[in-house]
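# What the coordinates show
Here are the chains, one letter per residue:
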Amino acid sequence: MKKIVASLIFTAMLASLTACGGETARGAELKKESVAAESGGVSPVTEGAATEPEETDRSTDHMEDNTMKITAGDTSFTAALADNSSVEALKELLAGGPLTIHMSDYAGMEKVGPIGTSLPRNDEQISTGAGDIILYQGNSLVIYYDTNSWNFTRIGKIEGVTGEELLEAFGDGDVTVTFSLE
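Quick look at the structure, then. Quick caveat, the model's predicted, so the values are computed rather than measured. (Residues numbered from 1 in each chain as written. Predicted model: local features only at pLDDT ≥ 70, side-chain atom pairs only at ≥ 80, totals over all residues. Heavy atoms only, no water.)

## A short note on the overall build of the chain
Condition: Helix and strand assignments come from DSSP, with helices taken as H or I runs of at least 4 residues and strands as E runs of at least 2, each series counted from the N terminus. Computed by Shrake-Rupley with a 1.4 Å probe, the accessible areas treat only the displayed protein chains as cover when residues are assessed.
Across its full length, the chain holds four helices and nine strands. Helices and strands in the chain line up, N terminus first, as α-α-β-β-α-β-β-β-β-β-β-α-β. Total accessible area on the chain stands at roughly 10,100 Å², and carbon and sulfur atoms take up 51% of it.

Listed below in structure tokens is the structure:
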């Protein structure tokens, strides 16, 4: 039953995207993989064909992983990543190796630092909280330890952490933070 539902969902998404003409083949394939993952790793069914669950090697294919490791000094956090083109571009960047950013404290609510390149923006009006990771102006990453509301692109969130715990890890001044897919 899951195979049929996954197939129907994927077919409807693909038909909709094809009609709009705004989706690349790679984007459609990523959505197909997402639907397959949500249905327990089962690929969509084509009429009359027997299918087997797709096997993927999670240890070498970090592009499929939906988490990011964030390290400052001896402290590491894991962030769940959002689902948007900004995150996909960041994952491609991190696939080449960890990204180390010099981050500065801003307004007593966040750490911000340039990533050295521009990523696609998916800005929307959002409110942040402790642990939110934001792409600011397409070229900087921000880790919040307090609240803010503005037009940002959501990258992800460090779950289960308080603002005080983040401040303890990152300090009240500048800090060097490493982002990786490991």
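Still more ground to cover, so stick around.
## Topic: the side chain of Glu-110
Put simply, the rule is: Relative accessibility under 20% of the residue-type maximum defines a buried residue, over 50% an exposed one, and the middle range a partly exposed one, all with a 1.4 Å probe and only protein chains included. The charge count treats Lys and Arg as positive and Asp and Glu as negative. His and the chain ends do not count. Whenever a carboxyl oxygen of Asp or Glu lies within 4 Å of a side-chain nitrogen of Lys or Arg, that contact is scored as a salt bridge. Here a polar contact is taken to be a pair of N or O atoms separated by no more than 3.5 Å, where protein atoms must pair a possible hydrogen donor with a possible acceptor and residues adjacent in sequence count only if both atoms sit in side chains. A contact between two residues is defined here by any heavy atoms of the two lying within 4.5 Å.
Here Glu-110 is to be found in strand E4 (residues 110–114). Buried charged residue Glu-110 carries no salt bridge. Nearest counter-charge: Lys-111, at 10 Å. A distance of 2.9 Å separates the side chain of Glu-110 from the side chain of Tyr-144, its partner in a polar contact. Apart from the residues lying within four places of it in its own chain, the contact partners of Glu-110 are Ser-104, Asp-105, Val-142, Ile-143, Tyr-144, Tyr-145 and Asn-148.

## As for the nonpolar core
Soluble globular proteins tend to pack their nonpolar side chains together in the buried interior. What counts, and what does not: Only buried residues count toward a nonpolar core. Its members are Ala, Val, Leu, Ile, Met, Phe, Trp, Tyr and Cys residues joined through side-chain atoms within 4.5 Å.
Within the largest apolar cluster, 31 residues are counted, with the highest numbers of intra-cluster contacts made by Ile-70 and Phe-179. At four residues, helix H3 (residues 85–95) tops the list of elements feeding residues into this core. Apart from residues no more than four positions distant in its own chain, Phe-179 is found in contact with Met-68, Lys-69, Ile-70, Leu-94, Pro-98, Leu-99, Ile-101, Met-103, Leu-141 and Ile-143. Counting six residues, the second-largest nonpolar core is a separate cluster that includes Met-109, Ile-134, Val-142 and Tyr-144.

## Let's talk about the pairing of strand E9 (residues 175–180)
Keep this limit in mind: Following DSSP output, two strands are said to pair if at least two bridges run between them.
The pairing of strand E1 (residues 67–72) with E9 spans three bridges and is antiparallel. Directly across from Lys-69, in E9, lies its bridge partner Ser-180. Here five bridges tie strand E3 (residues 99–106) to E9, and the two strands are oriented antiparallel to one another. From the neighbouring strand, Leu-99 faces E9, where its bridge partner is Phe-179.

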